[in-house]
Amino acid sequence: MNPKSHLIESLIGLGATMLIAAGLGWYMLNEPTRIVSAQEDVLAVQLDEAMTLYAENCAVCHGLNGEGIGATPALNNPALVTMPFEEIQKTIARGRYQTAMPAWSLLDGGPLSDYQIDELVLLIQYGDWTETGDRVVNLGLAPLVPFTTEADPALLEQVGALSDGATLQTAVQLFAASCVSCHGADGLGTSIAPALNDEDTRAKTADELTRTLTYGNTGTLMAGWSNTLTPEEISALITLIQRWQDVPLGTIPAPNVPIPTTEESIALGSQLFTTNCSRCHGPEGQGTPRAPSLNVQSFFVDKTDQAIQQIITNGVPGTAMPTWGDRMTEAEIQAIVGFIRQWEATAPEVATLTRPSGGPPWRNNSTATTQTTLFGLLPVPATTQNFTGHAAGNTQTSTLLDWRILLLIGILLASAFTLISKGLSSLARLKR
Ligand code: HEC
Ligand code: HEC
Ligand code: HEC
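The following paragraphs examine the structure supplied in this document. Keep in mind that what you see is a predicted model, and the values were worked out from it rather than measured.

## Observations regarding the layout of surface pockets
Size it by volume and the second largest pocket reaches roughly 810 Å³. If you go around the second largest pocket, you meet 35 residues; those closest to its centre are His62, Thr72, Pro73, Thr99 and Met101. Elements with a contribution of two residues or more to the lining of the second largest pocket: helix 1 (3–57), helix 2 (59–62), helix 4 (85–94), helix 5 (114–126) and helix 11 (206–215). Split by residue class, the lining of the second largest pocket holds 20 nonpolar, 13 polar and two charged. Built from parts of two domains, the lining of the second largest pocket gets at least three residues from each of domain 1 (3–138) and domain 2 (153–246).

As structure tokens, this is what we get:
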């Protein structure tokens, strides 16, 4: 054979081998990380969706961070991490019979698909409860429980003087510790639970009331208390419910429930305040001739977050203070309340009003400072800010001295070596 064509032939053959080896090596190198990173991406998306599902469906009973509320058990419980996947799946899908835990699967009349239920199980077993709590807050779904209050000492003493006074006192204290967050001050009801201190409830039999209190009402916020309270305590509470008209009003005051905040919610609150409130209340809430100061000690005295939220939601009828409840979501109003509450620590004793904005532009310089910026550069308009959180980023792992890299380098070196030696020997033959 012609040695020249032999040389070309072997060069082409070896070149092709090298290409195949390189391609194969490249594929081997990437495939496992590609699979792992794709799986990680899917898990991140599922956990992200699950946090929103949790906020919308479960937080109201199982708590902000899965810590459990009242008699409803915690889900951030290590025992659930090791429990078989299917068992948790079943509990969520079908609920727990004769408890407040409802069935969630479409098959059992609930709102969630099997896929969504699986996502929730993943959250319970692999999720981050702190991040979940932030999601709940950012969506404005933080449960206003479990918040407690202290009975008024003077009135509590008066209760002791009534017949069965000791029993009533026990019940008042239990109610202040466990029930007031939902059933409200003096048992007069809240937006989430009915009044117990009223004729309708007094008309019910002790048996009926005891059953509700002991086992809860399926599918409602009313959990069963038999695990938490003794039968004597339950019976004391029933006595209180039936004799509430003897107990002076004010004995069980409203709890002061601080609205939870996150960095994101404060930033949103600041932005919403700048765009909606500062023109009347001043850029830093100092007040203007149009509207009173909010950034002053006297404003905060005796005002709970709930009270501030109520004022903003409903406005002040007959004044310039608008009703915001129909223009903003509850989450947005709570974000503003969280932002305003921050001022309390530094609020002055006496307000120094600023001129209303809309005057000469140089007077408004301070407005700009409260604007949130993206990387400190671009102003972020309220509407485009990603407020509800984000999917966790792709956490691809790449190790530099992986065995696959070593193998690839080996194959390449071997082919290069063969190529060179073949070429040299062909050259030698050519010379001869
Ligand atoms: C109306 C209140 C309520 C809501 C809403 C609720 N749960 Fe429950 N959940 C309960 C109660 C009460 C129990 C305890 C049942 C029992 O005594 O066995 C429970 C039990 C559980 C358990 C078993 C815990 C354990 O330790 O065995 C899981 C898991 C669970 N819930 C998940 C969820 C998920 C996920 C959601 C949202 C889709 C949800 N729950 C919504 C009230 C609720
Ligand atoms: C997480 C919120 C929550 C907590 C805490 C709570 N309840 Fe309830 N409770 C409810 C809701 C909601 C209902 C209405 C259930 C329904 O619609 O069937 C209810 C109903 C009741 C009823 C039945 C009222 C009626 O007219 O039939 C009684 C009695 C009662 N609760 C007592 C208590 C007592 C006592 C405590 C404290 C040990 C307590 N609850 C704690 C939410 C709560
Ligand atoms: C058009 C002007 C105007 C705008 C805009 C406005 N307010 Fe007001 N606001 C008022 C006036 C006037 C009052 C005083 C009402 C009164 O006389 O009790 C008030 C009262 C209040 C109070 C109660 C103060 C107190 O001492 O009890 C709060 C809280 C409040 N505003 C918050 C807000 C927030 C938050 C926003 C933005 C979402 C806002 N306001 C936007 C005019 C305004």
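Let's pick the thread back up.
## Comments concerning the site of ligand 1
In the vicinity of ligand 1 lie 20 residues, with Cys58, Cys61, His62, Arg96 and Met101 positioned nearest. Between ligand 1 and His62 there is a distance of 2.8 Å, counted from a nitrogen atom to a side-chain nitrogen or oxygen. When each cavity is represented as a set of grid points, ligand 1 is found to reside in the second largest pocket. Of all the secondary-structure elements, those providing two or more residues to the shell around ligand 1 are helix 2 and helix 4. Element by element, the count of residues in the shell around ligand 1 is highest for helix 4, at three residues. Taken together, the residues of the shell around ligand 1 break down into 13 nonpolar, six polar and one charged.

## Points about the coordination of the iron atom of ligand 3
Surrounding the iron atom of ligand 3 are the protein donor atoms His281 (NE2) and Met321 (SD), which sit 2.0 to 2.2 Å from the metal. If you look at the iron atom of ligand 3, its six donor atoms make angles of 86 to 178° with each other, and the shape they trace is octahedral. Of this pair, His281 sits in helix 14 (residues 278–281) while Met321 sits in the loop between helix 16 (305–314) and helix 17 (330–341), and the two are 40 residues apart along the sequence.

## So, the site of ligand 2
Around ligand 2 lies a shell of 21 residues, among which Cys179, Cys182, His183, Asn217 and Met222 are the nearest. Residue His183 places a side-chain N or O atom 2.8 Å away from a nitrogen atom belonging to ligand 2. Taken together, the elements giving at least two residues each to the shell around ligand 2 come down to helix 9 (180–183), helix 11 and helix 12 (231–242). Taken together, the residues of the shell around ligand 2 break down into 14 nonpolar, six polar and one charged.

## Describing the nonpolar core
Residues Tyr54, Ile92, Leu120, Leu123 and Ile124 are the most contacted members of the largest nonpolar core, which totals 27 residues. The set of elements that each furnish at least two residues to this core consists of helix 1, helix 4, helix 5 and helix 6 (129–138). Residues in contact with Leu123, not counting those within four places in the same chain, are Leu47, Ala50, Met51, Tyr54, Trp129 and Thr132. With 26 residues, the next largest nonpolar core counts Val172, Leu174, Met222 and Val247 among its residues.

## Some remarks on the packing of aromatic side chains
Applying the stated criterion across every chain, the model contains six aromatic pairs. Considering the side-chain rings of Tyr54 and Trp129, the 5.2 Å spacing of their centres and the 75° angle between planes classify their relative orientation as edge-to-face. Of this pair, Tyr54 sits in helix 1 while Trp129 sits in helix 6; the two residues are 75 residues apart in sequence, bridging distant segments of the chain. For the pair Tyr54 and Trp129, a shared accessibility class is recorded, and that class is buried. Ring geometry for Phe273 versus Trp343: centroids 5.2 Å apart, planes at 85°, classification edge-to-face. Taken as a pair, Phe273 in helix 13 (residues 263–276) and Trp343 in the loop between helix 17 and helix 18 (365–369) lie far apart in primary sequence, 70 residues in all. For the pair shown, Phe273 and Trp343 are each scored as buried. An aromatic cluster of three or more residues is present, and its members are Phe273, Phe339 and Trp343.

Each value, and the rule that gives it
Here the residue index of a chain counts from 1 through its sequence in written order. To read the labels, note that chains go from A and ligands from 1, taken in the order they are written. Selection of residues for local features in this predicted model requires a pLDDT of at least 70, selection of side-chain atom pairs for listing and counting requires 80 or more, and totals for whole chains, interfaces and linings are taken over all residues. Working from all heavy atoms in the structure, the side-chain values ignore hydrogens and water. A 1.4 Å probe that fits into a set of points on a 1 Å grid over the protein atoms alone but cannot get out defines a cavity; an open set with protein on both sides within 12 Å along at least five of seven lines defines a pocket, and lining residues are those with an atom within 4 Å of a point. Grid points are joined across faces, edges and corners, and a volume is the space filled by probe spheres set on the points. Here a helix means four or more residues in a row that DSSP labels H or I, a strand means two or more in a row labelled E, and each is numbered from the N terminus. Three residue categories are used. Nonpolar comprises Ala, Val, Leu, Ile, Met, Phe, Trp, Tyr, Cys and Pro, charged comprises Asp, Glu, Lys and Arg, and polar comprises the others, including Gly. Per the annotation, domain bounds derive from an automatic or database assignment of domains. Residues are counted as near a molecule or strand when any one of their heavy atoms sits within 4 Å of it. Polar contacts here mean pairs of N or O atoms no more than 3.5 Å apart (in protein, one a potential hydrogen donor and the other a potential acceptor; neighbouring residues in sequence count only if both atoms are side-chain atoms). To qualify as sitting in a cavity or pocket, a molecule needs more than half of its atoms within 2 Å of the grid points. Water is not part of the atom set, so a site may look incomplete; the donors themselves are N, O and S atoms within 2.8 Å of the metal, or 3.2 Å for Na, K and Ca. Under the classification used here, a metal with four donors is tetrahedral if each angle lies between 85 and 135 degrees, square planar if opposite donors are over 155 degrees apart and the others between 65 and 115, a six-donor metal meeting that same test is octahedral, and anything else is irregular. Here, nonpolar core refers to any group of buried Ala, Val, Leu, Ile, Met, Phe, Trp, Tyr and Cys residues whose side-chain atoms link them within 4.5 Å. For every residue, the accessible area (1.4 Å probe, protein chains only) is compared with the maximum for its type, and the residue is labelled buried under 20%, exposed over 50%, or partly exposed between those bounds. The criterion used for residue contact is that any of the two residues' heavy atoms lie within 4.5 Å. Classification of ring pairs uses Phe, Tyr and Trp, with its six-membered ring standing for Trp, and accepts pairs whose centres are within 6.5 Å; under 30 degrees between planes counts as stacked, over 60 as edge-to-face, and the remaining range as tilted.

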